[in-house]
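Structure at a glance
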Amino acid sequence: MEANDQMTLSGRDAYRDALTRLAYDDERILCIEADLGGKNHPFALAHPSRFFNFGIAEAAMVDMAAGLAAGGYKPFLSTFAPFAALRAAESLKLTLGYLSAGVTVVAPYAGVSGAWFGTTHHCLEDLAVLRSIPGVVIAAPYGEAEMRAVVGAAAISGRPHYIRTGRNAAYESLPWEGESPPAVNWESTADSGAVCLVSVGEEGTRMALEARLERPGLGHAHLCYLDHAHLAAAAVELAERHSRFVVVEEHRAEGGVAEALALLLPGRIVVGVNAGHGWPVQGGDHNEVMAQLGLDLDAVRSAVDRAELGG
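Residues numbered from 1 in each chain as written. Predicted model: local features only at pLDDT ≥ 70, side-chain atom pairs only at ≥ 80, totals over all residues. Heavy atoms only, no water.

1. Details of a nonpolar patch on the surface
On the surface, Leu94, Tyr98 and Leu99 cluster together into a nonpolar patch covering about 360 Å² of accessible area. Locating Leu99 in the fold gives a position in the loop between helix 5 (89-98) and strand 4 (104-107). (Patch = residues over 30% accessible without salt bridge, like charges linked within 9 Å, V, L, I, M, F, W, Y side chains within 5 Å. Areas by Shrake-Rupley, 256 points an atom, 1.4 Å probe, with all protein chains shown as cover. Salt bridge = Lys/Arg side-chain N within 4 Å of Asp/Glu carboxyl O. Helix = DSSP H or I, 4+ residues; strand = E, 2+ residues; numbered from the N terminus.)

2. Here we look at the side chain of Thr205
The topology assignment puts Thr205 in helix 8 (residues 201-214). The class of Thr205 is buried, set by a relative accessible area of 0%. (Buried < 20%, exposed > 50% of the residue type's maximum accessible area, 1.4 Å probe, protein only.)

3. Notes on the pattern of salt bridges
Overall, the coordinates contain 16 salt bridges when judged by the stated rule. Across the pair Arg301 and Glu214 runs a salt bridge, and its minimum N-O distance is 2.7 Å. Here the residue Arg301 occupies a position in helix 12 (residues 297-308), and Glu214 occupies one in helix 8, the gap between them amounting to 87 residues. A relative accessible area of 32% means that Arg301 is categorised as partly exposed. Of the residues examined, Glu214 reaches a relative accessible area of 42% and is grouped as partly exposed. The shortest N-O distance in the salt bridge between Asp298 and Arg301 comes to 2.2 Å. Note that Asp298 and Arg301 are positioned in helix 12 at a spacing of three residues, about one turn of the helix. Connected through shared salt-bridge partners, Asp17, Arg21, Glu144 and Arg148 make up one network.

4. Some thoughts on the sheet that holds strand 6 (residues 161-164)
Pairing within the open sheet is parallel, and its six strands lie in the order 2-1-3-4-6-5. The outermost strands of the open sheet, each flanked by one partner alone, are strand 2 (51-53) and strand 5 (137-139). If you compare each strand with its neighbour and ignore which way they point, the axes differ by 15° on average. Relative to strand 6, strand 4 runs parallel, the two sharing four bridges. Its bridge partner being in strand 6, Val106 is matched across the sheet by Ile163. Contacting strand 1 (29-33) and strand 3 (74-78), helix 3 (residues 58-70) crosses the sheet at an angle of about 165° to strand 3. (Pairing = 2+ DSSP bridges. Axes fitted to C-alpha atoms, helices over the stretch in contact; angles between N-to-C directions. Contact = heavy atoms within 4.5 Å.)

5. Concerning the sheet that holds strand 8 (residues 196-200)
Pairing is mixed in the open sheet, where five strands are placed in the order 7-9-8-10-11. Whereas interior strands pair on both sides, the edge strands pair on one side only; in this sheet they are strand 7 (185-188) and strand 11 (269-273). Neighbour-to-neighbour, the strand axes of the sheet open up by a mean angle of 25°, direction not taken into account. Strand direction decides the pairing type here: strand 8 and strand 9 (residues 219-223), joined by five bridges, are parallel. Looking across to strand 9, one finds that Val200 is bridged to Leu223.

6. Observations concerning the nonpolar core
Among the nonpolar cores identified, the biggest contains 45 residues, and Leu130, Tyr162, Leu223, Leu226, Val257 and Leu261 are the most heavily contacted of them. The residues touching Leu130, leaving out its near neighbours within four places in the chain, are Ala85, Leu92, Leu96, Val136, Ile138 and Tyr162. Core analysis: the second largest hydrophobic core is formed by 24 residues, Leu218, Val246, Val273 and Val304 among them. (Core = buried A, V, L, I, M, F, W, Y, C linked by side-chain atoms within 4.5 Å.)

This is the structure in structure tokens:
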């Protein structure tokens, strides 16, 4: 698949447009929001009888989706990442995990993309929560093309999905071959002795791309799917090419992708660039809040240096 230069929608807007288009050909698709829809939501305008706004009742929304999935529908739910992954955690565990219901949760405002909204609207723990629930397909698309592909695959598969995205940032996806993003998308191959950047999500991938522009000799492997099954497959491919890795992700260290890959890559060096253990105490835009947490390009440079020295 070749990324389209004309694709400029943010992840959350690409999701809404992709689902609206898919629903024309599949009457089982439902769009459910938790007070995020607004009067101009494209799905509500195109398919009003299949759009539902549950208000700020996230757990009830997930519970209702379980019943709708059992009835043969394909519910897609969307709410801020902290309210999906944390406030409705028990309902997610039962619906996506225990019942393995064909429900897709799309969570914008992940990481600290809701910067000015403050800590209550930040979510640096969602991957840890969702990765601990067996059977859930987890994705963090980078760019419009990846988001459209992930949403399309979720609509076909019938499996439970959690799709993580940011707020308004719009990026051009990296190209790949085939219909679905691969377990590992190699943006840059390098000598086996070189450090390989492993990018996760929107901002992790942006920073990895910027770091590789400075250091063209680095490898760069982008990961879209982040659940255990996909990471296990990715680890095999990563280990065939490199032995030193720097994983860049907008998430806590605990429960993140670097921690998972460190367990899947014994004997290899895995250094994480993440949000650490702090809490932002000042306002700012997305990049400023990440910098408060030590998650910036300087942190990536330092991690590469540590990996080159053996961790």
